[in-house]
Amino acid sequence: MPVNVLIIGSGGREHALAWKLKQSPLAGRIFAAPGSEGMKDCARPVPAGALEFDKIADFCAGSDIGLCVIGPEEPLAKGLADHLSAKGVKVFGPRRQAAMLEASKQLAKEFMKRNYIPTAGFQSFYDPRPAKEAVRANENWPLVVKADGLAAGKGVRICHDEASALAAIEDFMEKRVFGSSGARVVIEEFLSGREASVMALCDGKDFVMLPVARDHKRLLDGDEGPNTGGMGAVAPVDLDAETLENIRVNILGRFVEGLKKERIPYCGVIFAGLMLTKDGPKALEFNVRFGDPETQTVLPLIKSDLLGHMLACAESRLAGERAEFHDGACATVVMAAAGYPESPVTGAEIRGLDRVPADAEVFHAGTVSDGGRFKVSGGRVLGVSARGANLASALALAYKAVSAITFDGVQYRRDIGSTIREAEAK
Ligand code: AMP
Ligand code: GLY
């Protein structure tokens, strides 16, 4: 029996999921709620927003959905997986309790500490006064100040001196620039090294680790400019066997052991943000969802059947699954709107999509269709991915496709895949 799939979300990550799942021999019809015109060739759009839980549940019941795959964190943190599971829908995406490991930095850090997952030393505070005292007593700079809750990637400040750390505490806890997300703060030791991202599929007992990726968070070449949602990614990252094993055992393995010990059910992706320090890999954070743009880079490298693996997760039988990966590498270049990330300019017409070579994939993120022509509708507009025998050829193919596409004010990095500078206090 073919399995009908509903994907929740409408970004580049969800387009890549639809593209991959459509290739599965198990796949029936693929839908996306709300989806987008740009991903229509892979998934039929459903008129339901990611937070319209009842509409989504009704659609699952009415369209014989055999698996619902949840992309973004917000519906996860608000309990969409709980809602659908209670109605008998199979879901790939963790429940609210587990989603709190992404939605609260303090809960995440305490979970890491209890479960011996290597991470930066930290203290958490519910009151600005002791937080400020801790800053005044601090001797090692820089220091990292984090708002506890979701803050659209803006709740982390690397502070070089007492004045900036005190200002961060004031902004988060007193001025509440991120609302209740700043009710608590975590003050953390600064780690230096190179960053990497690892995702694993997990059924709560076992996990399958996917190739390690590297996102490029800064807007401009040479890791300059403001932080963004991600301007491109490459995978696999060139790591030695010992480091890979360390990530598998001490980070992902201990995370899953912790879930089991603390009786937290989990079905979905574990996505760890890593700092590769001279003392080994350390976890900066855990997300409970696929990364964006890492998904657009990693899914093309999966040779085995992703839908089969996801169904195995939803049916708690991942231990019997064997994942296989393609040799070579994959690269994704993000094309962003003028003004991104502060104030993206929308409306520009996107030209050249029909000239993209067949050996590259274009994943739509911020586009709308206007009478058959695509226009810019969001900050990150397109993600262009290509796989090659090695990183250099993957990058050459991805950039060739990028050069076929144009729109007014387009911004993209020319140095995706080049070795990124070590984290330093900027
Ligand atoms: P997070 O949302 O916690 O992953 O933090 C966002 C970004 O801030 C990370 O990708 C790092 O670049 C940086 N960062 C977070 N925590 C630390 C830390 N302890 N040391 C150095 N950089 C950090
Ligand atoms: N690329 C980072 C994220 O998805 O959070």
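I will try to describe carefully the structure that is included in this document. This one's a predicted model, so the numbers in the text were calculated from it and none came from an experiment.

## Describing the site of ligand 2
Part 1 of the reasoning: The full set of residues close to ligand 2 is Asp215, Gly229, Phe271, Arg289, Gly291, Asp292, Pro293 and Glu294.
Part 2 of the reasoning: Between aspartate 215 and ligand 2, the recorded distance is 2.9 Å, taken from a side-chain N or O atom to a nitrogen atom.
Part 3 of the reasoning: In the complex, 84% of the free accessible area of ligand 2, which totals 200 Å², lies under the protein chains.
Part 4 of the reasoning: The residue inventory of the shell around ligand 2, partitioned by class, reads 2 nonpolar, 2 polar and 4 charged.

## Considering the pairing of strand E17 (residues 280-287)
Part 1 of the reasoning: Of all 8 residues in E17, 7 are buried, a share of seventy percent or more.
Part 2 of the reasoning: The pairing of strand E16 (residues 268-277) with E17 spans 7 bridges and is antiparallel. When the bridges of E17 are listed, phenylalanine 271 appears paired with asparagine 287.
Part 3 of the reasoning: Remark: 2 residues form the turn of the hairpin made by E16 and E17, two consecutive strands paired antiparallel.

## A closer look at the site of ligand 1
Part 1 of the reasoning: For ligand 1, the set of nearby residues contains 15 residues, the closest of which are Lys146, Glu188, Glu189, Leu191 and Glu195.
Part 2 of the reasoning: Within the contact set of ligand 1, an oxygen atom lies 2.9 Å away from a side-chain nitrogen or oxygen of lysine 146.
Part 3 of the reasoning: Measuring from an oxygen atom of ligand 1, one finds a side-chain N or O atom of lysine 217 at 3.2 Å.
Part 4 of the reasoning: Mapped by element, the contributors of at least two residues to the shell around ligand 1 are strand E7 (143-147), strand E8 (156-159), strand E9 (185-189) and E17.
Part 5 of the reasoning: In terms of residue class, the shell around ligand 1 is built from 8 nonpolar, no polar and 7 charged.

## Brief notes about the nonpolar core
Burial of nonpolar side chains together is a common tendency in soluble globular proteins.
Part 1 of the reasoning: If you look at the biggest cluster of nonpolar residues, it comprises 51 residues, and the most contacted ones within it are Leu6, Ile8, Phe255 and Phe286.
Part 2 of the reasoning: No other element matches helix H9 (residues 241-261), which puts 6 residues into this core.
Part 3 of the reasoning: Setting aside residues no more than four positions away along its own chain, phenylalanine 286 makes contact with Leu101, Glu102, Met112, Ile117, Ile251, Phe255, Ile270, Phe271 and Ala272.

## Observations concerning the environment of phenylalanine 325
Part 1 of the reasoning: In this fold, phenylalanine 325 is placed in the loop between helix H11 (306-314) and strand E18 (329-336).
Part 2 of the reasoning: A relative accessible area of 28% places phenylalanine 325 in the partly exposed class.
Part 3 of the reasoning: Separated by 21 residues in sequence, phenylalanine 325 and serine 304 have C-alpha atoms that sit 6.8 Å apart.
Part 4 of the reasoning: Those residues in contact with phenylalanine 325 that sit more than four places away from it in its chain are Met209, Leu210, Pro211, Leu301, Ile302 and Lys303.

## Brief notes about the packing of helix H7 (residues 128-137) against helix H8 (residues 162-174)
Part 1 of the reasoning: Between H7 and H8, the shortest axis-to-axis distance is 10 Å and the interhelical angle comes to 165°. When the axes of H7 and H8 are compared, the pair comes out roughly antiparallel. Of the two elements, H7 crosses H8, and the hand of that crossing is right-handed. Judged by residue contacts, Pro128, Ala131, Lys132, Val135 and Arg136 of H7 engage Glu162, Ala165, Leu166, Ile169, Glu170, Met173 and Glu174 from H8.
Part 2 of the reasoning: Across the contact of H7 with H8, the residue classes break down as 7 nonpolar, no polar and 5 charged.

## Some points on the pattern of salt bridges
Part 1 of the reasoning: Under the defined criterion, the tally for this structure stands at 25 salt bridges.
Part 2 of the reasoning: Where lysine 78 meets glutamate 74, a salt bridge forms, and the shortest distance between an N and an O atom there is 2.6 Å.
Part 3 of the reasoning: Classification of lysine 78 as partly exposed rests on a relative accessible area of 48%.
Part 4 of the reasoning: Here glutamate 74 falls in the partly exposed class, since its relative accessible area comes to 37%.
Part 5 of the reasoning: Across the pair glutamate 245 and arginine 248 runs a salt bridge, and its minimum N-O distance is 3.3 Å. You can see glutamate 245 and its partner arginine 248 sitting in helix H9, 3 residues apart, about one turn around the helix.
Part 6 of the reasoning: On the basis of relative accessible area, arginine 248 is assigned to the partly exposed category, the value being 36%.
Part 7 of the reasoning: Salt bridges here are not isolated pairs; linked through shared partners, they connect Lys90, Glu315, Arg317 and Glu321.

## Comments concerning the sheet that holds strand E11 (residues 207-209)
Part 1 of the reasoning: In space, the 4 strands of this open sheet follow the order E11-E10-E16-E17, with antiparallel pairing throughout. Of all strands in the sheet, those bounded by a partner on one side alone are E11 and E17. Here the strands of the sheet are splayed against their neighbours by 35° on average, with no regard to which way each runs.
Part 2 of the reasoning: With 9 bridges joining them, strand E10 (residues 194-202) and E16 adopt antiparallel strand pairing. Bridging from a neighbouring strand, alanine 196 pairs with leucine 274 of E16.

Here is what the cut-offs are and how they apply
- Residue positions are counted from 1 within each chain, in the order its sequence is given.
- In the order they appear in the text, chains get letters beginning with A and ligands get numbers beginning with 1.
- Only residues with pLDDT of at least 70 are given local features in this predicted model, and only at 80 or more are side-chain atom pairs given and counted; all residues enter the totals for whole chains, interfaces and linings.
- Excluding hydrogens and water, the side-chain figures rest on all heavy atoms present in the structure.
- Distances are taken per atom, and a residue is near a molecule or strand as soon as one of its heavy atoms is within 4 Å of it.
- In the analysis that follows, any N or O atom pair within 3.5 Å is treated as a polar contact, provided that within protein one partner can donate a hydrogen and the other can accept it, and provided that, for residues neighboring in sequence, both atoms belong to side chains.
- All accessible-area figures derive from a Shrake-Rupley calculation using a 1.4 Å probe, and residue coverage is judged against the displayed protein chains alone.
- Each residue receives one of three labels: charged for Asp, Glu, Lys and Arg, nonpolar for Ala, Val, Leu, Ile, Met, Phe, Trp, Tyr, Cys and Pro, and polar for the others, Gly being one of them.
- In this scheme, a residue with accessible area under 20% of its type's maximum is buried, one over 50% is exposed, and one in between is partly exposed, where area comes from a 1.4 Å probe on protein chains only.
- Here a helix means four or more residues in a row that DSSP labels H or I, a strand means two or more in a row labelled E, and each is numbered from the N terminus.
- We call two strands paired when DSSP finds no fewer than two bridges between them.
- Residues belong to one nonpolar core when they are buried, are Ala, Val, Leu, Ile, Met, Phe, Trp, Tyr or Cys, and are joined through side-chain atoms within 4.5 Å.
- The contact rule is simple, with two residues in contact once any of their heavy atoms fall within 4.5 Å.
- Angular values range over 0 to 180 degrees, each being the angle between N-to-C directions of two axes fitted as lines to C-alpha atoms, with helices fitted over their stretch in contact.
- Should an angle fall under 35 degrees it is taken as roughly parallel, and over 145 as roughly antiparallel, whereas 65 to 115 is taken as roughly perpendicular and any remaining angle as oblique.
- Each crossing gets its handedness from the near helix: less than a right angle anticlockwise from the far helix is left-handed, clockwise is right-handed.
- Whenever a carboxyl oxygen of Asp or Glu lies within 4 Å of a side-chain nitrogen of Lys or Arg, that contact is scored as a salt bridge.

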